[in-house]
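Observations on the model geometry
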Amino acid sequence: MLKKTPPNIDALNILDDKLRWLSAWTIHHANHVRESADGLKVGGHQASCASMTAIMAALYFHALGPNDRVAVKPHAGPVLHAIHYLLGSQNLEQLRNFRGFGGAQSYPSRTKDQIPVDFSTGSVGLGVAITAFASLVQDYLTTHDKLAEEDRGRFVALIGDAELDEGNIYECLIEGYKHDIRNLWWIVDYNRQSLDATSADRMFERFDEIFASCGWRTVELRYGKRLAAALAKVPAVEDWLDALPNADFAALSFQGGAAWRARIDADLGKKAAPFLNAHDDIALDGLMNNLGGHCMESLVEAFDAAQDDVPTLFVAWTIKGFGLPFAGHKDNHSGLMNPTQAHAMRDAMGIAEGEEWEPFAGIGANVRPAVEALVEQSRIRRDKRGRSFGQVAIPAIAAPTGAEQSTQAAFGKIMLDLSRGGGELADRIVTTSPDVTVSTNLGAWVNQRGLFKRREIPDVFAATKIASAQKWTATNHGQHIELGIAESNLFLMLAALGLSGDLFGQRLFPVGTLYDPFIARGLDSLNYACYQDARFLLVATPSGITLGPEGGAHQSINPPLIALGQPGLRHYEPAFADELAAMMEEAFRLIDDSAGESTYLRLSTRSVCQVERADNAWKAGALAGGYWLREPAPGAEAAIVAMGALMPEALVAWEELSADLPGLGLLAVTSPNLLHRSWIGAQAARWSGKRELSHVECLLSRLAPGAGLVTLCDAAPASLSWLGGVIGQRVAPLGVDRFGQTGTLADLYAAYRLDGAAIIQAVAEILAPFRL
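Here we summarise the structure given alongside this text. Every value quoted in this text rests on a predicted model; they were computed, and no experiment measured them. (Residues numbered from 1 in each chain as written. Predicted model: local features only at pLDDT ≥ 70, side-chain atom pairs only at ≥ 80, totals over all residues. Heavy atoms only, no water.)

**Structural notes on the overall build of the protein chain**
As a reminder, the rule being used: Note on conventions: DSSP H or I runs of at least 4 residues are helices, E runs of at least 2 residues are strands, and numbering of each starts at the N terminus. Working rule for contacts: check all heavy atoms of both residues, and any pair within 4.5 Å makes them a contact. Here, Shrake-Rupley sampling with a 1.4 Å probe gives the accessible areas, and only protein chains in the shown set may cover a residue. In this charge count, Lys and Arg are treated as positive and Asp and Glu as negative; neither His nor the chain ends contribute. Just so you know, the charge point we use is NZ for Lys, CZ for Arg, CG for Asp and CD for Glu.
Check the secondary structure of the protein chain and you find 34 helices and 20 strands. C-alpha atoms of the protein chain, sized along the principal axes, occupy 100 × 70 × 45 Å. Within the protein chain, residue pairs in contact and separated by at least 24 positions form 77% of the contacts whose partners lie at least 6 positions apart. Summed over all atoms, the accessible surface of the protein chain reaches about 29,900 Å², with 53% contributed by carbon and sulfur. Averaging the positions of the 67 positive and the 88 negative side-chain charges in the protein chain gives two centres separated by 2 Å.

**Things to note about the packing of aromatic side chains**
This is how it is decided: Stacked, tilted and edge-to-face are the three classes applied to pairs of Phe, Tyr and Trp rings, where Trp contributes its six-membered ring and a pair requires centres within 6.5 Å; stacked means planes under 30 degrees apart, edge-to-face means over 60, and tilted covers the rest. Exposure categories follow from relative accessible area, calculated using a 1.4 Å probe and restricted to protein chains: below 20% of the type maximum is buried, above 50% is exposed, and the middle band is partly exposed. Geometrically, a lysine NZ or arginine CZ counts as sitting over a ring once it is within 6 Å of the ring centre and also within 35 degrees of the ring normal.
Applying the stated rule across the entire model yields 17 aromatic pairs. Ring centres 5.2 Å apart and planes at 25° place the aromatic pair Trp21 and Trp25 in the stacked group. Highlighted residues: Trp21 and Trp25, both in helix H1 (residues 9-33), separated by four residues, approximately one helical turn. Ring centres 4.7 Å apart and planes at 50° place the aromatic pair Trp186 and Trp216 in the tilted group. Of this pair, Trp186 sits in strand E3 (residues 184-190) while Trp216 sits in the loop between helix H8 (201-213) and strand E4 (217-221), placing them 30 residues apart in sequence. For Trp216, a relative accessible area of 10% translates into the label buried. Connected via pairs of aromatic rings, a cluster forms that spans Trp21, Trp25 and Trp357. When the ring centre of Phe249 is taken as origin, the NZ or CZ atom of Arg192, which lies over that ring, is 4.9 Å away. Its guanidinium or amino end placed over the ring of Phe518, Arg521 lies 5.3 Å from that ring's centre, counting from NZ or CZ.

**Quick word on the nonpolar core**
Convention followed: In this text, buried Ala, Val, Leu, Ile, Met, Phe, Trp, Tyr and Cys residues form a nonpolar core when linked through side-chain atoms within 4.5 Å.
Of all hydrophobic cores here, the largest spans 90 residues; its most connected members are Trp186, Leu241, Trp260, Ile264, Phe275 and Phe536. With 11 residues, the top contributor of residues to this core is helix H6 (residues 126-143). Core analysis: the next-biggest nonpolar cluster, separate from the first, contains 66 residues, Leu12, Ala24, Leu64 and Ile187 among them.

**A look at the state of the cysteines**
This is how it is decided: Here, two cysteine sulfur atoms that lie within 2.5 Å of each other are counted as a disulfide.
Tallying each qualifying case throughout the model produces zero disulfides. Free cysteine Cys530: the closest other cysteine sulfur is in Cys172, separated by 19 Å.

**Regarding the side chain of Ser543**
Selection rule: Think of a polar contact as two N or O atoms within 3.5 Å of one another; within protein, one of them needs to be a possible hydrogen donor and the other a possible acceptor, and neighboring residues in sequence only count if both atoms come from side chains.
By the secondary structure assignment, Ser543 is in the loop between strand E12 (537-540) and helix H25 (559-564). Judged by relative accessible area, which is 5%, Ser543 ranks as buried. Polar side-chain contacts of Ser543 include one of 2.7 Å to the backbone oxygen of Leu603. Beyond its immediate stretch of four places on either side in the chain, Ser543 contacts Asp516, Ser556, Arg602, Leu603, Ser604 and Asp714.

Structural measurements only, silent on function.
As structure tokens, then:
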């Protein structure tokens, strides 16, 4: 860590006040000054900002170094903008347009804010946990000689105390202990108020135990220096205050000094006389508000004392709305100062009317140089990191050979071939899985590339010569990060790995595997990863009721619909091994492309006969979302549209029907979401005056305008039934619309109308005269 100069506490206190003012005024301007076209409340969380300003002033203007990275609690976003406004990396136009279109965002956003944001936040808890996985990625890059020691930093999460109710934090905590996570500071803004209620008193006593059991150091900043000194002289008052319920503390903070005096006197009587007699009501109010999270000297001392790499939880006691007229009020979460209150705050800070936006307005000439010097000396990055792409050449990926293969097995073979072939792409691939590495066919890759652990762990089975197919040596040069069964951790791990190019300047190619139905268990974290534009390859397998013997608990239905509506995630569902190879090559290319995205492959354990190809003409269509596996005759009256593991049934039905329906087409859909995306995009382009057809429109225009489509997928029928709306063709959708059960594929396909007989019946019905 870099050596820091002794802090100027007075200047830091002034910056604390300045951040409180600028964040409050930014929100006030958006709600009460800026013209509102629709009359809706803009919001902005003045109270949540006010409780954090001292903590953030101590961090950004004293404790943080240039390589440290911070996840700011969502509701403190305006404070972060105020910090960068003082630093010169945020402009006035953005602040004036806070929560407006194109302005400073409600919550810190890596992709939408113009200031440097290390981690987007907004979905509470996730911004906290990703710092742990990013720290693990830093260790990975260091031990793989891709990050110099002097470029390492600390990862800091600023946490609203209500976020500690989020279960994903404790899943992360457990995983972090397994991987010996380090270089973390989690700083809790312990204002004891959430959106709806005052925090439970009992929980604070448990945090120390929970974190300590996972190897963390915990530091409680309960009382500031002045309050601690006053309490030390009158132990009875200290004991009373220690036991005071959170709700009572909040109410008394709102009521002020007179209320504090009356309550202490009523509860303690003469025991409290020395304490109460030493202060008038105004001084008593200020003293009781002197909590650790608002005491600059306490914060600086705590941060300076934690300069090793031990993960540390700071619990900083604060008052929600500190310094604002509704401090401590239980309804202050969404509270806004009215114009009279905002102007009173401005006047109290010595800011002249019309100078509300001046960065250093109200700061006296005698102290202003010291404050400006402190801002200038801040060591944090002020510029937004440029995004670097195109670092790695993606080689052609060959399809594995074999007349009959499943896509899941083909995935394992491709990964093994990449491992054996070596090269930069293979060396930059990092795989991860929530305890399903073997059952998702990553075992051979791990045998070749090893597990990643900072400290070597021998394979006891290999050492004692016990036969095992898995030869998993764990070293600091391994390329697989094994996780426990927590899908949220998987997606946060992928997010952190997928941001490696942005955070550390080193592109990694993350590949994560899990069972397809359990995407839903980590869906918030998946969406969070995509929102940040993290890049990765997600391989979900096995899928659908095609996983017959496993039953409904492991059979997926709706993931294609999830992918259909998920920005930043491309879904492919290949039927054949050569399709899969092309899609994996494309997925790796998209990871390292400025216009790219993440990719989700939905694979199957079903082994199917591979098709013979005359050429590679199919490939472009497959990567665009679909191609004609069996060409239709021009103006054909019907087509079978099939996806993934059900392609054998579609081919058999096509063969049987073709004798009676010459010209019948068979459309292989490889990506419903790409087809849908291109269709919507083409519509929007046409509305703006451009004449273009989407890929799906070109495909379906080969048929008669009123042709019938029988769609077939091992998923919710709606995954493909929307195709009828493209050019107005009739659809008979076949798919899975209820939970599955155990059974053979023949039994299940027949019961759920996915077999050849169902396809033939659907084609006959759709070609019959239309009847209501």
